Amino acid sequence: MFTLRAAVMWTVNDFPAYAIVSGWSTKGYMACPVCKEDVTSGWHAGKVCYLGHRRWLPWDHEWREKDKEFDGNTERRLRPREWSGDEILEQLNRLDFAPFEKTVSRTRPSTHMSWTHKPMLFELPYWSKLKLRHNLDVMHVEKNVFDTLVGTILDIEGKTKDTIKARLDLERMGIRRGLWMNRDSDKARRDLAFFSIKTSLSFSSF
Ligand SMILES: [Zn+2]
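Bear in mind the structure is a predicted one, so any value in this text is a computation, not a measurement. (Residues numbered from 1 in each chain as written. Predicted model: local features only at pLDDT ≥ 70, side-chain atom pairs only at ≥ 80, totals over all residues. Heavy atoms only, no water.)

Structural notes on the nonpolar core
Here is step 1: Trp-24, Ile-88, Leu-89, Leu-92, Leu-95, Trp-115, Leu-121, Phe-122, Trp-127 and Leu-130 together form the largest nonpolar core, which totals 10 residues.
Here is step 2: Setting aside chain neighbours within four positions, we find Trp-127 in contact with Val-8, Met-9, Trp-10, Thr-11, Leu-121, Phe-122, Arg-133 and His-134. (Core = buried A, V, L, I, M, F, W, Y, C linked by side-chain atoms within 4.5 Å. Buried < 20%, exposed > 50% of the residue type's maximum accessible area, 1.4 Å probe, protein only. Contact = heavy atoms within 4.5 Å.)

In C-alpha cells form, the structure reads like this:
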C-alpha cells in the first residue's frame, strides 16, 4: 500500500473558460487576463479589438518605428507589467465578492476592474507561487486563426474579416488608403484586396 498524492500544476482551457479559472472576466475592453487594465483595446468594425502587440517587441525593434504599416502610430510603450501570483492573490484578498450565485445580476464596482471572483484554486497553498497557472488550449485558437486567415485570403462571404465595416474602419483611422472603399461611381464598392487570391472558382464552404 502507498499514499497517492496529486497536485494541480496548471489549467488547460479555452478563452471563455479562462474567466472562470482565473477570476478575470474575458469580455469587454479589459478582456486580457495578462495585460489586465493596461490592455490596448478599442472599438473597430463593430467589435472590441485588441491592439498594441508591438509593445512586446525588443525596445529597438524596427517595427516599433513604423506607423502606416500598423495602426498609424509608432510604439514607444514598454510591455505591460507582469503580475506575480502573490501580487494577484494580494489584490484579490483586498476585494469583496458576492457569493457565487448572486454575482449574475450585480454590476461590478470599479475597484474590482474585471475581477469577478477569487478562484478556488487559490486555496491551494502553492497556487500563487506558480509562474504559469493557466494555458490556452491551442486546438480552439488554431482553428479560429486558420478559418479567419483562409476565409479572408479567399474572400469567403461570412468568413472573411475584410468586410465593408473593416474597410470603413481603416478610413476612419486614416490608414491603408489602398483598402478604402472605391467611390468612383455613385455606389461605394469594396474592391478585392491586394492580398486576396480569390479565383473565379466558387467555394461554397469548408
Ligand atoms: Zn494581453
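That was the structure; now back to the text.
Quick notes on the domain arrangement of the protein
Here is step 1: Each assigned domain of the protein is listed here: domain 1 (12-134) and domain 2 (137-206).
Here is step 2: Every contact between the two is made by 13 residues of domain 1 and, on the other side, 10 residues of domain 2.
Here is step 3: At the junction of domain 1 and domain 2, the tally comes to six residue pairs in polar contact (both at pLDDT 80 or more).
Here is step 4: When contributions to the side of domain 1 that touches domain 2 are tallied by element, the ones reaching two or more residues are strand 1 (11-13) and strand 2 (40-44). (Domains from an automatic or database assignment. Polar contact = N/O pair within 3.5 Å; in protein donor to acceptor, adjacent residues only side chain to side chain. Helix = DSSP H or I, 4+ residues; strand = E, 2+ residues; numbered from the N terminus.)

A few points about the packing of aromatic side chains
Here is step 1: Using the criterion set out here, one finds four aromatic pairs in the structure.
Here is step 2: Ring plane angle 80° and centroid distance 5.3 Å describe the contact between Phe-194 and Phe-195, whose orientation is recorded as edge-to-face.
Here is step 3: Phe-194 gets classed as exposed once you look at its relative accessible area, which sits at 71%.
Here is step 4: Here Phe-195 falls in the partly exposed class, since its relative accessible area comes to 30%.
Here is step 5: If you follow Arg-81 out to its NZ or CZ, it ends over the ring of Trp-83, 4.0 Å from the centre. (Phe/Tyr/Trp six-rings, centres within 6.5 Å; stacked < 30°, edge-to-face > 60°. Lys NZ or Arg CZ within 6 Å of the ring centre and 35° of its normal.)

Quick word on unusual backbone geometry
Only a minority of non-glycine residues have a phi that is not negative, and only a minority of peptide bonds are not trans.
Here is step 1: Backbone geometry places Met-113, a non-glycine residue, at a positive phi of 45°.
Here is step 2: Note on Met-113: relative accessible area 25%, which makes it partly exposed.
Here is step 3: Residue Asp-155 is not a glycine yet carries a positive backbone phi of 50°.
Here is step 4: With respect to the element layout, Asp-155 can be found in the loop between helix 3 (138-153) and helix 4 (164-173).
Here is step 5: Accessibility expressed as a relative area gives 8% for Asp-155, which makes it buried.

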